[in-house]
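Survey of secondary and tertiary structure
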Amino acid sequence: MFTLAATPVKFVALLVLFAWCTAWCVYELTRPQNTRQRVSNLLHLVMAVVMLLMVAGPTWQAVTMIVPEPVIVGVFALSTLWFGWLSIDAFRASDRNGGLHFAGHTMMFGAMTWHLSAMAVMAARMSGMGGMGHGGGMGGIEQARQPGGVLWVFAIVGLPFMAYLLGASVVAVRNLVRPRAAVNDACPCGEGCTCGPDCACSVTHANPVQTLERELVVVGAPAPSAVTVVAPAAMAHSCHEERPVGSTKYRLAALSDFAMNFGMFWMSTGLLVAILPFFALFAF
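To start, this report covers the structure provided alongside it. Just so it is clear, the structure is predicted and the values come from calculations on it, not from any experiment.

This brings us to the pattern of salt bridges. The tally for this structure, following the rule as stated, stands at four salt bridges. Linking arginine 243 and glutamate 28 is a salt bridge whose minimum nitrogen-to-oxygen distance equals 2.7 Å. You can see arginine 243 sitting in the loop between strand E2 (225-232) and helix H8 (248-268) and its partner glutamate 28 sitting in helix H1 (residues 8-29), a full 215 residues away along the chain. As far as the burial class goes, arginine 243 and glutamate 28 line up, both buried. Close ionic contact of glutamate 241 with arginine 31 constitutes a salt bridge, the shortest N to O distance being 2.8 Å. In this pair, glutamate 241 is assigned in the loop between E2 and H8 and arginine 31 in the loop between H1 and helix H2 (35-54), connecting sequence segments 210 residues apart.

Let us look at the packing of aromatic side chains. What the rule picks out here adds up to 15 aromatic pairs. Judged by centre distance (5.0 Å) and plane angle (85°), the rings of phenylalanine 278 and phenylalanine 279 are edge-to-face.

Residues Met65, Ile66, Val67, Val71 and Val75 make up a contiguous nonpolar surface patch of about 500 Å² in total accessible area. Within the residue set of the nonpolar patch, elements represented by two or more residues are helix H3 (57-66) and helix H4 (69-92). Its location among the elements puts isoleucine 66 in helix H3. Given the relative accessible area of 71%, isoleucine 66 is considered exposed.

If you add up the space inside the second largest pocket, you get close to 730 Å³. Taken together, 26 residues line the second largest pocket, and the ones lying closest to its centre are Met1, Phe2, Met122, Arg145 and Leu271. Counting residues per element, the ones that place at least two in the lining of the second largest pocket are H3, helix H5 (96-127), helix H6 (137-144) and H8. At five residues, H5 tops the list of elements feeding residues into the lining of the second largest pocket. A class-by-class count of the residues in the lining of the second largest pocket yields 16 nonpolar, seven polar and three charged.

With respect to the helices, strands and loops of the structure, proline 147 is situated in the loop between H6 and helix H7 (150-176). Residues proline 147 and alanine 274, spaced 127 residues apart in sequence, show a C-alpha to C-alpha distance of 8.0 Å.

To continue, consider the packing of H1 against H2. Contact pair H1 / H2: the axes reach a minimum separation of 8 Å and the direction vectors enclose 160°. Classified by the interaxial angle, the pair formed by H1 and H2 is roughly antiparallel. In the packing of H1 onto H2, the handedness of the crossing is left-handed. Contacts from Leu15, Phe18, Ala19, Cys21, Thr22, Cys25, Val26, Glu28 and Leu29 in H1 reach Arg38, Asn41, Leu42, His44, Leu45, Ala48, Val49, Met51 and Leu52 in H2. Split by residue class, the contact of H1 with H2 holds 13 nonpolar, three polar and two charged.

What counts as what
Residues numbered from 1 in each chain as written. Predicted model: local features only at pLDDT ≥ 70, side-chain atom pairs only at ≥ 80, totals over all residues. Heavy atoms only, no water. Salt bridge = Lys/Arg side-chain N within 4 Å of Asp/Glu carboxyl O. Helix = DSSP H or I, 4+ residues; strand = E, 2+ residues; numbered from the N terminus. Buried < 20%, exposed > 50% of the residue type's maximum accessible area, 1.4 Å probe, protein only. Phe/Tyr/Trp six-rings, centres within 6.5 Å; stacked < 30°, edge-to-face > 60°. Patch = residues over 30% accessible without salt bridge, like charges linked within 9 Å, V, L, I, M, F, W, Y side chains within 5 Å. Areas by Shrake-Rupley, 256 points an atom, 1.4 Å probe, with all protein chains shown as cover. 1 Å grid on protein atoms, 1.4 Å probe; cavity = no way out; pocket = protein on both sides within 12 Å on 5 of 7 lines; lining within 4 Å. Points joined across faces, edges and corners; volume = space filled by probe spheres on them. Nonpolar A, V, L, I, M, F, W, Y, C, P; charged D, E, K, R; others polar. Axes fitted to C-alpha atoms, helices over the stretch in contact; angles between N-to-C directions. Parallel < 35°, antiparallel > 145°, perpendicular 65-115°, else oblique. Left-handed = near helix turned anticlockwise from the far one by under 90°. Contact = heavy atoms within 4.5 Å.

Without other data, these values stay purely geometric and don't point to any function.
This is how it looks when you write it as structure tokens:
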């Protein structure tokens, strides 16, 4: 938890980052999508809202009075399994990009599960777990951060998650500033286009497509002839519709990715102080 008095910059910045994530996730739910995408986007919205409520102590305490922390941890653990299954399913379908897309979300939700679990342990230590004599309070926190202590172990486990969150933040910044791709066959995405029906793509792209069988009646012909029409379709192994690189929606989505990944990284730096003491400098 953070306060305006103790960590004003971090407090305000995290509120802004997670508020933007929440707004964008709501927008994503309004877009055309299949059932898997809708479930995935709903889980993203839940994550954004939970992170927003975690910033300030009073809001988080109000949430945990209604929904116990173990239940919240369980929800995110199941969400991690959901995205892991989607990743495996995409790789089985020979969709490497889709598999990597969902593997990233698996790591992100895994990081959220790790963060919430560590918070629950810290809360238990702070509450005393039966009193100061049993390792409670701030003394219990410091003891748990010693090599071999439970928070020290959590810090070790969290290293790959934190590395992913930081790396994903860098990728999001790169996507945020990518120039619009050159027009290719009337498609603003350029080579390798996989965008959906909102894009004016040429049907000559060799990308995932949906084949539609239409019966067309040719004037003067003795009988209708079947014509196969190839139309672009949104990628099945993705949480959202594809957008032209460099477009406004593409940049806003990249900004949301940065806000969610870097916000979670920044919010979690205190959990790594046990093994990386200089991370305490991120609280200002």
